[in-house]
Amino acid sequence: DQQVKQNSPSLSVQEGRISILNCDYTNSMFDYFLWYKKYPAEGPTFLISISSIKDKNEDGRFTVFLNKSAKHLSLHIVPSQPGDSAVYFCAASQTYSGAGSYQLTFGKGTKLSVIP
Amino acid sequence: KAGVTQTPRYLIKTRGQQVTLSCSPISGHRSVSWYQQTPGQGLQFLFEYFSETQRNKGNFPGRFSGRQFSNSRSEMNVSTLELGDSALYLCASSPPQVYEQYFGPGTRLTVT
């Protein structure tokens, strides 16, 4: 049972245009969402996050939008650059009360290719 | 600060053997989590340690185990290796009460 889904395995975008990566989740207990970027032969790199009490968070060229009613979040990259070409993972977390433990549940990733 | 380090980076083992992977978290991070990445299943949570105690565990068989030392360094062990254990094993650390986890480069394990 996949609780975090990224339905597009790949996405190609022209340099300078907007990249929109989508993610859906099913577990209503998730209270924090994160995006990671991964290059081959490297570990995932944290990109941006959003709490479930917000609907938007912006950091430079990266903006994450959260629609709780639809259980959907998206990552917007504007403008896209060739160096953004990587696999992007959506992750969700819930607090295990009493334990203080945050477990990340990942989607399977979307490979973004930014064409010069 | 130095990032999360993992050793070894690459490992080839034979079915039935056991393996130990090591992880050194970012200085000051006391939580260490382990994930398995495979092409078919993506990134899956193995377990999390905090102050030498396992706080959380994913849905993996008992052949997968781990521990954490007093300096927050962590090891994971896989016994009786199977072909399906071939994967990238990622370690991540985080400061207390923070959701963001910071990953190491991973250990690529190949079981033949």
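Everything discussed here concerns the structure shown above.
In short, a report on the structure. Remember, predicted model here, so these are calculated numbers, not experimental data.

### Let's talk about the nonpolar core
In this structure, Phe 33, Trp 35, Leu 73, Leu 75 and Tyr 88 of chain A are the most contacted members of the largest nonpolar core, which totals 23 residues. Contributing elements (two or more residues each) for this core: β3 (19-25), β4 (32-38), β5 (45-51), β7 (62-67), β8 (72-77), β9 (86-96) and β11 (110-115) of chain A. The element best represented in this core is β9 of chain A, accounting for four residues. One finds Val 32, Val 78, Ala 87 and Cys 91 of chain B within the second-largest nonpolar core, a separate group that totals 21 residues.

### Observations regarding the state of the cysteines
Residues and elements named next belong to chain B. Counted by the stated rule, this structure contains two disulfides over all chains. The disulfide bridge from Cys 23 ends at Cys 91, spanning 1.8 Å between sulfur atoms. The S-S bond linking Cys 23 to Cys 91 shows a torsion near -55 degrees; that makes this disulfide left-handed. On the criterion of sequence distance, the pair formed by Cys 23 in strand β3 (residues 19-24) and Cys 91 in strand β9 (residues 87-94) is long-range, its members being 68 residues apart. The buried category is assigned to Cys 23, whose relative accessible area is 0%. For Cys 91, a relative accessible area of 0% gives the class buried.

### As for the interface of chain A and chain B
The interface of chain A with chain B comprises 23 residues on the first partner and 21 residues on the second. Between chain A and chain B, the buried area comes to about 2000 Å², and carbon and sulfur atoms account for 54% of it. At the boundary of chain A and chain B, one finds seven residue pairs in polar contact (both at pLDDT 80 or more). Every element with two or more residues in the side of chain A that touches chain B is listed here: β4, β5, β9 and β10 (101-106) of chain A. A per-element tally of the side of chain A that touches chain B places β10 of chain A first, with five residues. Here the residues of the side of chain A that touches chain B sort into twelve nonpolar, seven polar and four charged.

### Re the pattern of salt bridges
All names here are of chain B. Evaluated as defined, the whole model comprises seven salt bridges over all chains. As a salt-bridge pair, Arg 67 and Glu 75 come within 3.2 Å of each other at their nearest N and O atoms. Assessed through its relative accessible area of 16%, Glu 75 is described here as buried. Overlapping salt bridges, with partners in common, bring together Arg 63, Glu 82 and Asp 85 in one network.

### Some words on the sheet that holds β8 of chain A
All names here are of chain A. Sheet architecture is open: five strands sit in the order β1-β3-β8-β7-β6, paired in antiparallel fashion. The open sheet is flanked by β1 (4-5) and β6 (56-59), the only strands paired with a single partner. Sheet topology places β6 next to β7; four bridges connect them, and they run antiparallel. Directly across from Lys 56, in β7, lies its bridge partner Phe 65.

### A few points about the environment of Phe 62 of chain A
Residues and elements named next belong to chain A. Within the secondary structure layout, Phe 62 lies in strand β7. The exposure class assigned to Phe 62 is buried, which follows from its relative accessible area of 13%. Residues Phe 62 and Leu 47 lie 15 residues apart in sequence; the distance between their C-alpha atoms is 8.2 Å.

What counts as what
Residues numbered from 1 in each chain as written. Chains lettered and ligands numbered in written order. Predicted model: local features only at pLDDT ≥ 70, side-chain atom pairs only at ≥ 80, totals over all residues. Heavy atoms only, no water. Core = buried A, V, L, I, M, F, W, Y, C linked by side-chain atoms within 4.5 Å. Buried < 20%, exposed > 50% of the residue type's maximum accessible area, 1.4 Å probe, protein only. Helix = DSSP H or I, 4+ residues; strand = E, 2+ residues; numbered from the N terminus. Disulfide = S-S within 2.5 Å. Contact = heavy atoms within 4.5 Å. Buried area = accessible area lost by both parts, 1.4 Å probe. Polar contact = N/O pair within 3.5 Å; in protein donor to acceptor, adjacent residues only side chain to side chain. Nonpolar A, V, L, I, M, F, W, Y, C, P; charged D, E, K, R; others polar. Salt bridge = Lys/Arg side-chain N within 4 Å of Asp/Glu carboxyl O. Pairing = 2+ DSSP bridges.

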